[in-house]
Amino acid sequence: MTEIATPDWEAGNNLANCPVRNVLDHVAAKWTSLLLLQLEDGPKRFNSLGRALPDISKRMLTQSLRELERDGLVSRQVYDTKPPSVEYSLTEMGRSFLAPLSHLIGWALDNRPGIDAARHRFDGE
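Residues numbered from 1 in each chain as written. Predicted model: local features only at pLDDT ≥ 70, side-chain atom pairs only at ≥ 80, totals over all residues. Heavy atoms only, no water.

Draft legend 1. A look at the nonpolar core. Ranked by internal contacts, the top residues of the largest apolar core, which has 20 residues, are Leu-35, Leu-36, Leu-49, Leu-61, Leu-65, Val-74 and Tyr-88. When residues of this core are traced back to their parent elements, those giving at least two are helix H2 (30–38), helix H3 (46–52), helix H4 (58–70), strand S3 (85–90) and helix H6 (98–123). Not counting chain neighbours up to four residues away, the residues in contact with Leu-36 comprise Leu-68, Leu-73, Val-74, Leu-90, Phe-97 and Leu-98. (Core = buried A, V, L, I, M, F, W, Y, C linked by side-chain atoms within 4.5 Å. Buried < 20%, exposed > 50% of the residue type's maximum accessible area, 1.4 Å probe, protein only. Helix = DSSP H or I, 4+ residues; strand = E, 2+ residues; numbered from the N terminus. Contact = heavy atoms within 4.5 Å.)

Here it is as structure tokens:
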């Protein structure tokens, strides 16, 4: 069994001060993983990302990309064209997140049948 490192809390075990909590909040967000996977093969423009994830709103796509850029996982390149075009790509740190993400995806695929069965039992179906 893999041991998970427990972060040191600041200010007397206050979870709000956990040094990794806000990072995990972002990388565990619904759209983060999907956007990073879309960028795995190379830079993409905003509309291309929107087409690849048709159920994301333009507002949420913009917000998610800004958060990923702020966190240093995605870079934004603006090209001086008329109208200006923008491409998003993974940074080195963003690319480094793909390995643990692939393990999580593998775990989800392996355990999906058991999770579905547990949900059916819980829901009384």
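Now that the structure is up, let's keep going.
Draft legend 2. Broad picture of H4. Between its first and last C-alpha atoms H4 spans 18 Å; for 13 residues at 1.5 Å apiece the expected length is 18 Å, and the two agree. Of all the positions in H4, only Leu-61, Ser-64, Leu-65 and Leu-68 are classed as buried. In an axial view of H4, the angular spread of the buried residues amounts to 100°, which keeps them on one side of the axis. Exposed residues pointing more than 90 degrees away from the buried face of H4 are listed as Arg-59, Arg-66 and Arg-70. Just downstream of H4, Gly-72 is the residue with a positive phi angle, here 85°. (Expected span 1.5 Å × (residues − 1). Arc of directions from axis to C-beta.)

Draft legend 3. Spotlight on the environment of Ala-52. When you line up the elements, Ala-52 lands in helix H3. Along the chain, Ala-52 and Leu-35 lie 17 residues apart, while their C-alpha atoms are 9.1 Å from each other.

Draft legend 4. A look at unusual backbone geometry. Here the residue pair Lys-82 and Pro-83 is connected by a cis peptide bond, since its omega of -10° sits within 30 degrees of zero. By the element assignment, Pro-83 lies in the loop between strand S2 (74–79) and S3.

Draft legend 5. Examining the pairing of S3 more closely. In terms of burial, S3 is largely enclosed, as five of its six residues are buried. One ladder, built from two bridges, connects strand S1 (residues 44–45) with S3; its direction is antiparallel. The partner of Lys-44 across the bridge, within S3, is Tyr-88. Where S2 and S3 come together, six bridges link them in antiparallel fashion. Paired with Arg-76 across the two strands is Tyr-88, which belongs to S3. In this structure, the hairpin formed by S2 and S3 is closed by a connection of five residues. (Pairing = 2+ DSSP bridges.)

Draft legend 6. Representation of H6 within the structure. At Asn-111, H6 shows its maximal bend, which comes to roughly 55°, and the proline Pro-113 appears one to four places after that position. Backbone geometry just after H6 places Gly-124 at a positive phi near 70°. (Bend = angle between axes of the 7 residues up to and from the residue.)

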